[in-house]
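Residue strings, one per chain:
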Amino acid sequence: QVQLVESGGGLVQAGGSLRLSCAASGRTFSSYAMGWFRQAPGKEREFVAAISWSGGSTYYADAVKGRFTISRDNAKNTVYLQMNSLKPEDTAVYYCAADPRPKYYNDYEGLNDYDYWGQGTQVTVSS
């Protein structure tokens, strides 16, 4: 079992930055693929970014490429999402997700690709 706790959300003006953190429990964090998803009011949860267990591969949704960066520190059991140049349309609840299964490059973007989820952290970008 893995427990995930997100932090770092808040209110920021358009053009600003936030860094989200996701702290994971468990000794096997370093073997898990990690992802960030978001859900805006009235919309489905969508993929934002993902990182392989080693950190050697990263994946991004087109909407955030060039603005967001995912990283991980396996020694701290933590994954990060650095969000720059934020836009009002980035407003959502952001969720961290983890999965222990081996993955190919196209196994990172689906909700069903992850077994464990955090409770989410709210990000609000004002215009």
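Everything numeric in this text was worked out from a predicted model, so none of it was measured. (Residues numbered from 1 in each chain as written. Predicted model: local features only at pLDDT ≥ 70, side-chain atom pairs only at ≥ 80, totals over all residues. Heavy atoms only, no water.)

A. Layout of the pairing of strand S5 (residues 46-51). Where burial is concerned, most of S5 is hidden: five out of the six residues are buried. The pairing of strand S4 (residues 33-39) with S5 spans five bridges and is antiparallel. Across the sheet, residue Trp36 finds its bridge partner in S5, namely Ala49. Counting the residues between successive antiparallel strands, the hairpin from S4 to S5 contains six residues, one of them, Gly42, with a positive phi of roughly 75°. With three bridges connecting them, S5 and strand S6 (residues 58-60) associate as antiparallel partners. Considered in S6, the bridge of Ala49 is made with Tyr60. Connecting S5 to the antiparallel partner S6 that follows it, the hairpin turn spans six residues, and Gly55 within it adopts a positive phi of roughly 85°. (Buried < 20%, exposed > 50% of the residue type's maximum accessible area, 1.4 Å probe, protein only. Helix = DSSP H or I, 4+ residues; strand = E, 2+ residues; numbered from the N terminus. Pairing = 2+ DSSP bridges.)

B. Molecular detail of the pattern of salt bridges. Counting across every chain of the model gives seven salt bridges. Put simply, Asp90 and Arg38 hold a salt bridge, and the shortest N to O gap is 2.9 Å. Taken together, the residues span a long stretch of sequence, with Asp90 in the loop between strand S8 (78-83) and strand S9 (92-99) and Arg38 in strand S4 at a distance of 52 residues. Each member of the pair, Asp90 together with Arg38, is buried. Here the salt bridges share partners, and the residues they tie into one network are Arg38, Glu46, Arg67 and Asp90. (Salt bridge = Lys/Arg side-chain N within 4 Å of Asp/Glu carboxyl O.)

C. Up close: the environment of Gly56. As for its position among the elements, Gly56 is in the loop between S5 and S6. In this structure the C-alpha to C-alpha distance between Gly56 and Ser71, which are 15 residues apart in sequence, comes to 9.6 Å.

D. Local environment of the pairing of S9. The buried fraction of S9 amounts to seven of the eight residues, a majority that puts the element mostly inside the structure. Sheet topology places S4 next to S9; seven bridges connect them, and they run antiparallel. Residue pairing across strands places Phe37 opposite Tyr95, the latter belonging to S9. Pairing geometry for S9 and strand S11 (residues 121-126), over three bridges, is antiparallel. Bridge assignment links Tyr94 to a residue of S11, and that residue is Thr121. Examined bridge by bridge, S9 and strand S10 (residues 116-117) share two bridges and lie antiparallel to one another. When the sheet's bridge partners are listed, Ala98 is paired in S10 with Tyr116.

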